[in-house]
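Architecture at a glance
Now for the letters of each chain:
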Amino acid sequence: MDAPSAGNTFEYLIETLNDSSRKKFFNVPKLGGTKYDALPYSVRVLLEAAVRNCDGFLLKREDVLNILDWRATRGHVEVPFFPARVLLQDFTAIQNAPNPGGGDQPRAAKLSPLKAPAPPRRLPCRGPAACRGPCEPGEPGPARGAGKPSTQIENTPLLCPFHLQPVPEPETVLKSQEVEFGRNRERLQFFKWCSRAFRNVALVPPGTGLAHQVSLEYLTRVVFEEEALLFPDSVVGTDSHIPMVNGLGVLGWGVGGIETEAVMLGLPVSLTLPEVVGCELTGSSNPFVTSIDVVLGITKHLRQAGVAGKFVEFFGSGVSQLSVVDRTTIANMSPEYGAPLSFFPVDSVTLRHLEHTGFDKAKLSSMEAYLKAVRLFRSERSDAGQPEYSQVIRINLSSIVATVSGPKRPQDRVAVTEMKRDFRACLSEKVGFRGFQIAAEKQEAAVALHYEGRDYRLSHGAVVVAALTSCTNNCNPSVMLAAGLLAKKAVEAGLRVQPYIRTSLAPGSGMVTHYLSASGVLPYLRTLGFEVVGYGCSTCVGNTGPLSEAVLSAVKQGDLVTCGVLSGSRSFEGRLCDCVRATYLASPPLVVACAIAGTVSIDFQTEPLGTDPAGRHVYLQDIWPSREEVQRVEEEQVLCSVFQALKERMETGDKRWNSLEAPDSVLFPWDAKSTYIRCPSFFDGLTREPAAPPPIENAHVLLHLGDAVTTDHISPAGSIARSSAAAKYLTHRGLTPREFNSYGARRGNDAVMTRGTFANIKLFNKFIGKPAPKTIHFPSGQTLDVFEAAELYQREGIPLLILAGKKYGAGSSRDWAAKGPYLLGVRAVLAESYEKIHKDHLVGIGIAPLQFLPGQSAATLGLSGRETFSLAFPAELSPGATLSVKTSAGKVFSVVAAFENDVEVTLYKHGGLLNFVARKFS
C-alpha cells in the first residue's frame, strides 16, 4: 500500500530508525505499552497496518483501538486490514503426463537448464518426419504407447511420438514455447494488458514457477521500504498455499478472487479479530522423521484442538531447531486444519536464511533493527516476554513418528508402521470416508498382468501411481533431496520400480529441477522413472495421464483397490482417476519407497523393499539417508544457487513473453469469439442503488448433497471431460479435445466455468443415488447434467436451492465454487454447517448461506428435496437472524441466516461484493 496520507491520525508515532538513518517507521509499541507486549506477533502486524493506514474512513481510530484491545475484542469485532501486497495465481494446467511408469525402459525426459548428462550413445529424435527407426542402435523401435498420439504438456519438451525421446534442446525450447503461448496466448495477452492498464501490477513470466513459490523465493520482502518508510510485509492472494510465507514471518493467507478484486480496487480485507492459538514446540524429532511428518503431526494436534478460523503462532525451544524451509512447509498446511495461517515470527534463523539467499547485509541490518524496535523479532532466550494467547497447545517433536495420510482424506493420518494393518482394515470397512467393503474371501485376490513382455501380479494395495508433486515441498529442499538421495542408494543397491507404475516428478518450480540436478540425484530419480513432466499442478489435482490398458483391465477384472501415492497436500477421493480408489499422501522419500515396493500393504520395519543382484534383501533402513547427509547437501549445494538462479531468470525474463503483443487500450477489447476471455455477466442489470433482497419463492432443489462436499466437487480445476457440458460448449465452437485445456486455464470464460460447476465425477447427489455430475429436473422428470437442468430452471424462471450436510465447501478457497452456482441460478444454500472461507464466498457473490438449527438436518426434518421452498428476508436483516421456511408439502421450519456481521449483511443486500465495489466506484 502507499505511504500514509497527510490525514493519518497516528502521524505522531512516526520516528527515525536511528540517528544515522533517514528511514522512518511507526513506533506502534508506544501506543499500547503493556497491552502491546501481550499481543501475539501476528496481531502486532495487524495493528501496525491499521495504524499506518488509518484514514478515518475505510479504517477508523476505533478499529486501531479494537486491535490493541485484542484480548477483549477477539472473536466478535470486525476490523479492516490493508495487506502490503496481493498475489494473483494464474493456473497453467498440465494435461496428461507422458511418462507411463517406472522401471528401466527409455523415458520421456524434461530437459532442465541444468540437465544431467544424457546416457551414452543416445541419438536424439529429429521429430516425427525424420524418425524412421530406433533412437539407439539395438533398441526396439516403438516404445510403450506407440501408435497413439503423443501427449504434450505445457512447459515440457516436445516428445517424439514414436519413442518418447526428447527433441534436441533448441528445438525443445521452441516447441515448448509454441505450445504454451499458442494454447494460452489470449490469457497471456490479457495479463500483459493488465500490467499496462493498471498501476502497481507486476507480472511473473510464464514458466517461472508456481505463484506461491515465486512469492516465497523472490517477491517476499519481510520488511517493506517505501519512501523511506519501513513496515512489515504482508500478503493475501488467490491460492491456498499463500500461508507458506508465514514461515518467513510474513503475515499472509489465501482468499478468493472476490476479496482479492476488492483489495486491488482499494478496499481492505475485512476480518473478525481472530483467536490466536500458541503452539509451543519442544524436544527434537528423530532422524527418520521428515518435515512432512512434522507437518502431519502438527496437523493432527491442531485439527483435534479445533483451531478452525483461528491464527496459529509458534513458539518454544523447538522452533529454533526448524529451518526456515521446514517452517514454510509447516505453514503451508494450515488450510488443512482450518486455520487461516500459521505464523513463525522472524528470528535469527530467519535472518541467516535470508543472508544465504542473497539479501543485502545492509538491508538485513536495518530489517533487524526495525523489527526489534517494534518488537516483531522473536527472542530465542526461552521466548522471554512471550505474548498471551487464546490457548496454548504443546507438542513434543520427539513424539512425532513417520506417517502417511489416507486412504481417502488428507486428515486421516496413519503411522508408517501401521500402514499395512490400517489398509487391510480399510478393505473390510463399509464404504465411507475410509472403507472399501471388500468381501473377506476377495481380499487376497491377485490378478495376472502382462505388460511389456513380462508377467506381474496385481493385488489389493498395489501402487499404480507414484507422483513427486513438489508444490508442497519445493520450498523445502530437504525432503526432495532426501527422495533423491534415497533413489541414489536404491539404484546403487540394484532396486528398480516396476514399469507399469505411472511415476512422475512435477516440480512446483524450476528451482526444484535446479537443485536436484546440482546435487547429482536427478539421474537416479530418472532411473526409477521419476521424470520431470512439467511445472504446475499435476497429479494432485487430477491431471494424471491414463494408465495402460493392461493395468486398467487387471484392476477391473479383480475389482482391486489400487493405490496412488503422492507428496502433495490433497488426497480427496476421485482426484487421480476412476480406477485408483485409494490415495496416500506421503513424504517424497516415502513416495519413492512405496514405488519401489510396489504396494502399500507392506511393513517397512520387517519386510524388504526388494532384493539386490545377489539376492540379498534390501530394507528401507538400508537406503534411508541420514538427516546430517541431507542437510549437508542442502547447505553446500542448494540454497545459494537456487535463489540466485531464480533472481537471474526473473530479471532476464522470457524472450517470447517479452515480445508478446498486447492491447494498449484503456478498456480491454472483448472478443466475442474467444473461448478463454469473456466479459462476464455478473453486472448484468446492475442498478445504481441496491434493492431490498427479494423473497425466494417456490424454489426447487438443484442438488441434494451430503457431508464434506468440497470445492473440488463444486468447481473442478482439472481436465475437461469429453462428455461434459463444458466439452459440448467448446466442441460447438470448433475446438478439438486436444484444445480443451482445463477448467483452471479457462477461468476467464464464465460459460465454461458455469458448465463445469458440479461437474466432478465423484459428486454424490442423493437424487441420483450414485456418484455422477447429474441431477433431476423435477418439472419434467428428466435426469440431466447439472448445467442442463439449471438452464431449464432458469428458462422457466424458477429459483434454485442446494441442500447439503456438514462442512459444505471444504477444501481449496476456490471463488468459482461460489460464482458458478450463482450463474446457475442458485439463490441460497441450506446446509448443516459450512467451511468458513466458502461461506464468505457465497456471501461475496450474493448467495444466501442458510443453516439448519442445531441438531436439525434435511433428514431429521423429513425433507426429500423434491419439495419447493419459500422464504422471505426481513427489511432489517441482521447477522444470525432466524428465518422461516415453508415447503410445498406444508412443512414450516426455521433456519439461521449465517451472516456473521453487518458487513456481510451489507454485501448480501448489494447482491455481493462485486456489486458493492461497482456501486462504490460508479
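Residues numbered from 1 in each chain as written. Predicted model: local features only at pLDDT ≥ 70, side-chain atom pairs only at ≥ 80, totals over all residues. Heavy atoms only, no water.

Looking only at helices and strands, one finds 29 helices and 32 strands in the protein. For the protein, the residues scored as buried account for 59% of the 922 residues in total. The contacts in the protein between residues at least 6 apart in sequence include a share of 74% that link residues at least 24 apart. A total accessible area of about 35800 Å² is found for the protein, and carbon and sulfur atoms account for 52% of it. (Helix = DSSP H or I, 4+ residues; strand = E, 2+ residues; numbered from the N terminus. Buried < 20%, exposed > 50% of the residue type's maximum accessible area, 1.4 Å probe, protein only. Contact = heavy atoms within 4.5 Å. Areas by Shrake-Rupley, 256 points an atom, 1.4 Å probe, with all protein chains shown as cover.)

The next point concerns the sheet that holds strand β10 (residues 276–282). In space, the four strands of this open sheet follow the order β12-β11-β10-β13, with parallel pairing throughout. For this open sheet the edge positions go to β12 (342–343) and β13 (391–396), each flanked by a neighbour on one side alone. Pairing analysis gives five bridges linking β10 to strand β11 (residues 311–315), with the strands arranged parallel. Note that in β11 the partner of G278 across the bridge is E313. Against the sheet, helix α9 (residues 291–305) contacts β10, β11 and β13, and its axis sits at roughly 150° relative to β13. (Pairing = 2+ DSSP bridges. Axes fitted to C-alpha atoms, helices over the stretch in contact; angles between N-to-C directions.)

Further remarks concern the packing of helix α11 (residues 348–356) against helix α12 (residues 361–373). Interaxial distance between α11 and α12 falls to 10 Å at its minimum, and their mutual angle equals 160°. Here α11 lies roughly antiparallel to α12, going by the angle between them. Crossing angle aside, the handedness with which α11 passes α12 is right-handed. Residues L351, L354 and E355 of α11 touch α12, and the partners they reach there are K361, L364, M367 and E368. Taken together, the residues that form the contact of α11 with α12 break down as four nonpolar, no polar and three charged. (Parallel < 35°, antiparallel > 145°, perpendicular 65-115°, else oblique. Left-handed = near helix turned anticlockwise from the far one by under 90°. Nonpolar A, V, L, I, M, F, W, Y, C, P; charged D, E, K, R; others polar.)

The first and last C-alpha atoms of α9 sit 21 Å apart over 15 residues, in line with the 21 Å expected at 1.5 Å per residue. Within α9, the full set of buried residues consists of S291, I292, D293, V294, V295, L296, G297, I298, T299 and L302. Phi turns positive, to about 75°, at G306, one or two residues after α9. (Expected span 1.5 Å × (residues − 1).)

Here we take up the packing of aromatic side chains. Scanning the entire structure with this criterion turns up 21 aromatic pairs. Arranged with centres 5.6 Å apart and planes meeting at 5°, the rings of F224 and F231 form a pair that is stacked. There is no split in this pair, since F224 and F231 are both buried. Seen from their ring centres, F682 and Y822 are 6.4 Å apart, and the 35° between their planes marks the pair as tilted. Residue F682 is found in the loop between α21 (655–659) and β24 (696–704), and its partner Y822 is found in helix α26 (residues 816–824); the two are separated by 140 residues along the sequence. (Phe/Tyr/Trp six-rings, centres within 6.5 Å; stacked < 30°, edge-to-face > 60°.)

Here strand β25 (residues 774–777) pairs with strand β26 (residues 782–785) via four bridges, running antiparallel. Looking across to β26, one finds that K774 is bridged to D785. Hairpin connection between β25 and β26: a loop of four residues separates the two successive antiparallel strands, and G781 in this loop has a positive phi of roughly 80°.

Now for the sheet that holds strand β28 (residues 826–831). Reading around the circumference, β24-β27-β28-β29-β32-β31-β30 is the order of the seven strands in this closed barrel, with mixed pairing throughout. Taken pair by pair, the neighbouring strands of this sheet meet at an average axis angle of 40°, ignoring direction. As paired strands, strand β29 (residues 848–852) and strand β32 (residues 892–897) are joined by three bridges and run antiparallel to one another. Bridge pairing in β32 links Q851 to V896.

Next up on the list: the side chain of D840. With respect to the helices and strands, D840 occurs in helix α27 (residues 836–845). Those residues in contact with D840 that lie beyond four places of it in its chain are E259 and E904.

For the rest of this paragraph, the subject is the nonpolar core. Across soluble globular proteins, you tend to see nonpolar side chains buried next to one another. Within the largest apolar cluster, 80 residues are counted, with the highest numbers of intra-cluster contacts made by L702, L705, F758, Y808, V829 and F893. Core analysis: the next-biggest nonpolar cluster, separate from the first, contains 76 residues, V463, M480, Y515 and V630 among them. (Core = buried A, V, L, I, M, F, W, Y, C linked by side-chain atoms within 4.5 Å.)

Linking two cysteines covalently via their sulfur atoms produces the bond known as a disulfide. Inspection of the entire model under this criterion finds zero disulfides. Free of any disulfide, C563 has its nearest neighbouring cysteine sulfur in C594, separated by 8.9 Å. You can call C563 buried: its relative accessible area is 0%. (Disulfide = S-S within 2.5 Å.)

Next up on the list: the pattern of salt bridges. For the structure on display, the rule yields 38 salt bridges. The closest approach of N and O atoms between E355 and K361, which form a salt bridge, is 3.9 Å. By relative accessible area, which is 39% here, E355 ends up partly exposed. The class for K361 is exposed, based on a relative accessible area of 62%. What you see here is one network of salt bridges that share partners, running through K836, K839, D840, E900 and E904. (Salt bridge = Lys/Arg side-chain N within 4 Å of Asp/Glu carboxyl O.)

Next up on the list: the packing of helix α3 (residues 41–52) against helix α4 (residues 61–68). Orientation of α3 relative to α4, taken along the N-to-C sense of each, is 165°, at an axis distance of 9 Å. Viewed along their axes, α3 and α4 adopt a mutual orientation that is roughly antiparallel. Every pair of crossing elements has a handedness; the one defined by α3 and α4 is left-handed. On the side of α3, the interface is formed by V43, L46, L47, A50 and V51, while α4 contributes V64, I67 and L68.

Another aspect to go through is α4. Considered for burial, the residues of α4 that qualify are D63, V64, I67 and L68. Buried residues of α4, seen end-on, are gathered within an arc of 140° and therefore sit on one face of the element. Where α4 is buried, its residues touch α1 (29–32), α2 (34–37), α3, α5 (70–73) and β3 (78–81). (Arc of directions from axis to C-beta.)

The omega torsion across G406 and P407 is 10°, close enough to zero to call that bond cis. Considering the arrangement of structural elements, one finds P407 in the loop between β14 (403–405) and β15 (413–415). One non-glycine residue, V222, adopts positive backbone phi at about 65°. Within the secondary structure, V222 sits in the loop between α7 (211–219) and β5 (223–226).

It is worth spelling out the pairing of strand β27 (residues 800–803) at this point. Burial along β27 is two-sided: L800 and I802 and L801 and L803, pointing in opposite directions, are all buried. Pairing between β27 and β28: four bridges, direction parallel. Bridge pairing links L803 to L830 in β28. After leaving β27, the chain enters α26 and then returns to the sheet as β28, a path that is right-handed. (Right-handed = clockwise from strand over helix to strand, strands pointing away.)

Our next topic: the environment of Q321. Structurally, Q321 can be placed in the loop between β11 and α10 (324–332). Looking at Q321, the relative accessible area reads 44%, which means it is partly exposed. Along the primary structure Q321 and S284 are separated by 37 residues, whereas in three dimensions their C-alpha atoms are 7.4 Å apart. Setting aside anything within four residues of it in sequence, one finds Q321 in contact with G283 and S284. A polar contact of 3.0 Å, which involves the side chain of Q321, links it to the backbone oxygen of G283. (Polar contact = N/O pair within 3.5 Å; in protein donor to acceptor, adjacent residues only side chain to side chain.)

A few words now on a nonpolar patch on the surface. A cluster of nonpolar side chains, contributed by F198, V201 and L203, occupies part of the molecular surface with about 240 Å² of accessible area. By the secondary structure assignment, F198 is in the loop between α6 (169–197) and α7. A residue is classified by how much of its surface remains accessible, and F198, at 46% relative accessible area, is partly exposed. (Patch = residues over 30% accessible without salt bridge, like charges linked within 9 Å, V, L, I, M, F, W, Y side chains within 5 Å.)

Before going further, it helps to examine the confidence of the model for the protein. Looking at the protein, pLDDT values average 83 and 84% of them are 70 or higher. Across the protein, the element-wise mean pLDDT spans from 71 in α6 up to 98 in α3. Throughout residues 1–6 the model reports pLDDT below 50, and contacts reaching past four residues in sequence, or to other chains, amount to 16 contacts. Within the model, the stretch residues 92–173 combines pLDDT values under 50 with 194 contacts to residues more than four positions away or in other chains. (pLDDT = per-residue confidence, 0-100.)

On to the environment of V79, then. Along the polypeptide, V79 turns up in strand β3. In sequence terms V79 and V64 are 15 residues apart; their C-alpha atoms lie 8.3 Å from each other. Apart from residues no more than four positions distant in its own chain, V79 is found in contact with D63, N66, I67, V269, S270, L271 and L273.

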